Amino acid sequence: ELLPDAKHILATPVTATGRDAPEIVAVDIRTGEKKVLLETAGECLFARTGAKPDLGHLVYARNGSLFAATLNSATLQLGPAMPVLEGMRNLAGLNSAGISRSGTLAYPSGINGTAIGTESTLMWVDRRGDEQALTAPQRRYVGPRISPDGGRVAFSVGDSNQTLN
């Protein structure tokens, strides 16, 4: 994911045999230089939630929970982490989640216990962790992206044959 400084991307290095050591790195796109932001952390997202363009939150999976930590993309300085969602059993779908600038998290329910790729219910989750089911029918929702104003969400829908529409 390209950071707001347009000089770095967030990455979770993976080898042909899988992830050697789960970590999150910032990669300088000009030089290829890597800076480890977090060790023992899984997939991640960057949420542009700060009032300043360089400030936001790094949202990442670790030990069955989802955490958020402030991140200054210009200096690559990471702040203290706070738990966002606990008791996650399936972390493989974090890249299917989306976060608005206001901090609203949208994710398929498979991130929190059921198999990714099965039918799920779309949920809005606020900063306190309160969940509200959306009125959309249960389907195979993939890749939600929240509008900048936090009022709309776009996503792909898969059918029972695991193809996306």
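Criteria and cut-off values
Residue indices begin from 1 for each chain and proceed along its sequence in written order. The model is predicted, so local features are restricted to residues of pLDDT at least 70 and side-chain atom pairs to those at 80 or more, both for listing and for counting; the totals for chains, interfaces and linings are taken over all residues. Here the side-chain values reflect all heavy atoms present in the structure, with hydrogen atoms and water set aside. For helices the rule is a DSSP run of H or I covering at least 4 residues; for strands it is a run of E covering at least 2, with both sets numbered from the N terminus onward. In this scheme, a residue with accessible area under 20% of its type's maximum is buried, one over 50% is exposed, and one in between is partly exposed, where area comes from a 1.4 Å probe on protein chains only. Two residues qualify as a contact provided that any one of their heavy atoms is within 4.5 Å of a heavy atom in the partner residue. Surface exposure here means Shrake-Rupley accessible area, sampled with a 1.4 Å probe, where a residue is shielded only by the protein chains that are shown. Any Lys or Arg side-chain nitrogen found within 4 Å of a carboxyl oxygen on Asp or Glu counts as a salt bridge. Strands are labelled as partners when DSSP assigns at least two bridges between them. All axes here are fitted lines through C-alpha atoms, helices being fitted over the stretch that makes contact, and every angle between N-to-C directions spans 0 to 180 degrees. Under this definition, polar contacts are N or O atom pairs within 3.5 Å; protein pairs additionally need one hydrogen-donor-capable and one acceptor-capable atom, and for neighbouring residues in sequence, both atoms have to be side-chain atoms. Working definition of a nonpolar core: buried Ala, Val, Leu, Ile, Met, Phe, Trp, Tyr and Cys residues. They are joined through side-chain atoms within 4.5 Å.

### A word on the overall build of the protein
Next, step 1: Looking only at helices and strands, the protein features 0 helices and 13 strands.
Next, step 2: Going from N to C terminus, the protein has its helices and strands arranged as β-β-β-β-β-β-β-β-β-β-β-β-β.
Next, step 3: Looking at the protein as a whole, 40% of its 165 residues are labelled buried.
Next, step 4: In the protein, 31% of the contacts between residues at least 6 apart in sequence involve partners at least 24 apart.
Next, step 5: Accessible area of the protein: about 9,100 Å², with a carbon and sulfur share of 52%.

### Concerning the pattern of salt bridges
Next, step 1: Per the counting criterion, the structure on display carries 1 salt bridge.
Next, step 2: As a salt-bridge pair, aspartate 28 and arginine 30 come within 3.0 Å of each other at their nearest N and O atoms.
Next, step 3: Taking the relative accessible area as the measure of exposure, aspartate 28 reaches 10% and is therefore buried.

### Details of the sheet that holds strand β5 (residues 55-62)
Next, step 1: Ordered by their spatial adjacency, 4 strands build an open sheet running β4-β5-β6-β7, and the pairing between neighbours is antiparallel. The sheet is open, and its two edges are formed by β4 (44-47) and β7 (77-85), each paired on a single side. Going across the sheet, the axis of each strand differs from the next one's by a mean of 25°, ignoring polarity.
Next, step 2: In this sheet, β7 lies alongside strand β6 (residues 65-72) in antiparallel orientation, the contact comprising 6 bridges. Bridging across to β7, alanine 68 finds its partner in methionine 82.

### Comments concerning the environment of proline 22
Next, step 1: Here proline 22 lies in the loop between β1 (8-11) and β2 (23-28).
Next, step 2: When the C-alpha positions of proline 22 and threonine 40 are compared, they lie 5.0 Å apart, and in sequence the two are 18 residues distant.
Next, step 3: Once residues lying within four places of it in the same chain are set aside, the contact partners of proline 22 are Glu39, Thr40 and Ala41.

### Regarding the environment of histidine 8
Next, step 1: One can find histidine 8 in strand β1.
Next, step 2: Overall, histidine 8 belongs to the buried group, its relative accessible area being 12%.
Next, step 3: Separated by 68 residues in sequence, histidine 8 and leucine 76 place their C-alpha atoms 9.2 Å apart.
Next, step 4: Leaving out residues up to four positions away in the same chain, histidine 8 has contacts with Glu1, Leu2, Leu3, Ala26, Val27, Asp28, Ile29, Ser73 and Leu76.
Next, step 5: For histidine 8, the side chain forms a polar contact with the side chain of aspartate 5, separated by 2.6 Å.

### Considering the nonpolar core
Next, step 1: Of all hydrophobic cores here, the largest spans 15 residues; its most connected members are Leu10, Ile24, Leu37, Leu58 and Tyr60.
Next, step 2: Elements with a contribution of two residues or more to this core: β2, β3 (34-39), β4, β5 and β6.
Next, step 3: Sort the elements by how many residues they give to this core and β6 lands first, with 3 residues.
Next, step 4: Setting aside residues up to four positions removed in sequence, leucine 10 forms contacts with Glu1, Leu3, Ile24, Val25, Leu37, Cys44, Leu45, Phe46 and Leu58.
Next, step 5: Listed in part, the 6 residues of the second largest apolar core include Leu45, Val59, Ala68 and Leu85.

### Section: the sheet that holds β3
Next, step 1: Ordered by their spatial adjacency, 3 strands build an open sheet running β1-β2-β3, and the pairing between neighbours is antiparallel. Two strands in the sheet have a free side with no partner beyond their single neighbour: β1 and β3. This sheet shows a mean twist of 20° between the axes of neighbouring strands, independent of strand direction.
Next, step 2: Relative to β2, β1 runs antiparallel, the two being bridged by 4 bridges. For isoleucine 9, the partnering residue across the bridge sits in β2 and is valine 27.

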